[in-house]
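Structure at a glance
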Amino acid sequence: MLRIQNLTKSFDNKQVVSSVSFSVGEEEIFALVGPSGCGKTTILRLIAGLEQADSGRIDLMGNCLSEKKHVVPPEKRNIGFVFQDYALFPHLTVIENVAFGLKNLPKTKRIKKAEDLLEMVQLSDMRHRRTHDLSGGEQQRVALVRSIAPNPKLILLDEPFSSLDAELRESTRLEVHQLLKSVNMSAILVTHDQEEALSFSDQLAVMSEGRIEQIGPPEPIYRSPKTYFVSNFLGKSNIIDGIANGCQVKTKFGYLQITAESFGPVHVSIRPEHFVMKKPNDGYVGTICKRDFKGHDITYQVEFEEYHCFVQTPYDCPFQVGQHVELQAIEAAVVIPKGKVSG
Ligand code: ATP
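No experiment lies behind these values; they were computed from the predicted model shown.

The rules we used
Residues numbered from 1 in each chain as written. Predicted model: local features only at pLDDT ≥ 70, side-chain atom pairs only at ≥ 80, totals over all residues. Heavy atoms only, no water. Helix = DSSP H or I, 4+ residues; strand = E, 2+ residues; numbered from the N terminus. Buried < 20%, exposed > 50% of the residue type's maximum accessible area, 1.4 Å probe, protein only. Contact = heavy atoms within 4.5 Å. Areas by Shrake-Rupley, 256 points an atom, 1.4 Å probe, with all protein chains shown as cover. Lys, Arg positive; Asp, Glu negative; His and termini not counted. Charge placed at Lys NZ, Arg CZ, Asp CG, Glu CD. Phe/Tyr/Trp six-rings, centres within 6.5 Å; stacked < 30°, edge-to-face > 60°. Near = heavy atom within 4 Å. Polar contact = N/O pair within 3.5 Å; in protein donor to acceptor, adjacent residues only side chain to side chain.

Looking only at helices and strands, the protein has 8 helices and 19 strands in total. Structurally, the protein occupies a C-alpha span of about 80 × 50 × 35 Å along its principal axes. Here the protein, with 343 residues, has 48% of them falling under the buried criterion. Taking contacts inside the protein between residues at least 6 apart in sequence as the whole, the part at least 24 apart equals 64%. A total accessible area of about 16,900 Å² is found for the protein, and carbon and sulfur atoms account for 48% of it. Distance from the positive charge centre (39 side chains) to the negative charge centre (42 side chains) of the protein: 6 Å.

Written as structure tokens, this is what we have:
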């Protein structure tokens, strides 16, 4: 339904979005994830029409919104925008905020629609309150239903949960996800929080320095990162040098199976949770140099010569700092071509 082709944008002669292309399907939640300053918000603003691209094309439901000589103004794009700071109107009540974008409806229909939406996010009881009396999570839900109210074709969410504390962020994220799915809304979420992108989206694009490094559904991207940057940005990863010999690679702490046949010097990526630790037997022996107990799991660092390998175990793993251990991989490692190392 949304198609972005070769979008490019510079500020002050510095390219901040470089030839970005992606598509968002009907009812799909798409996440743009990447570190601060990589160009995510600029892409949202280009889609909303708040910035104009230097080149490239944006189509929504078959209609061109932006190309070189044709730019549809923001108010004619039929796109909703939820900002990080909610941008609610402080002088209006909750229900007046939600009804604000429905001026084309008669008053009774406008109020009924706003009431129905507030009911969906369990905020009916607060409809006559001013928005500054609401908690951060409640304000965020009001902002979301306000942007959904005029039935836009697409909703853009710019770091919508970042000002909430950890617990509220998780519950609000779940509620917003359910709401978007229940109204069959397509959405683009911008976030620098990899866990949020993985849990919230149907498809995600990992960005670095204005470019998309990898696009796909969260699980395959997490399991098979194609670049050094992606494997490190989406969760923790061990990136290891080795010599591949077909379906195996020889590394500093033993042989690992690899997902694609390779030969010669390679980098491989393997997640900390894809190792188990064992007492030394007949393999390569490392020494535990760090044990970080985090409640539901433990992250170890195991030293093999100068290389530190991260291993994540369940909370009850008994090994302690100073003990010698062997590592056994329970998943194949992913080969990252040397030429693709970018971080
Ligand atoms: P964050 O997560 O911190 O919001 P981001 O990935 O969304 O980052 P953008 O806000 O898109 O990144 O900014 C990308 C780059 O473009 C940054 O270096 C930023 O300073 C620059 N930039 C954005 N808007 C403008 C502007 N209007 N004028 C000049 N530079 C800008």
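That was the structure; now back to the text.
Quick look at the packing of aromatic side chains now. Taken as a whole, this structure holds 8 aromatic pairs when the rule is applied. Ring plane angle 40° and centroid distance 5.0 Å describe the contact between Phe253 and Phe304, whose orientation is recorded as tilted. Separated by 51 residues along the polypeptide, Phe253 in the loop between strand 12 (238-251) and strand 13 (254-270) and Phe304 in strand 16 (residues 297-304) bring together distant segments of the chain. With a centroid separation of 6.0 Å and 25° between ring planes, the pair formed by Phe253 and Tyr307 is classed as stacked.

We now examine the site of the ligand. Close contacts around the ligand come from Phe11, Lys14, Val16, Pro35, Ser36, Gly37, Cys38, Gly39, Lys40, Thr41, Thr42 and Glu159, and that covers them all. Gly39 places a main-chain nitrogen or oxygen 3.0 Å from an oxygen atom of the ligand. A distance of 2.9 Å separates an oxygen atom of the ligand from a polar atom in the side chain of Lys40. When the ligand sits alone it has 640 Å² of accessible area, and the protein chains cover 60% of it.

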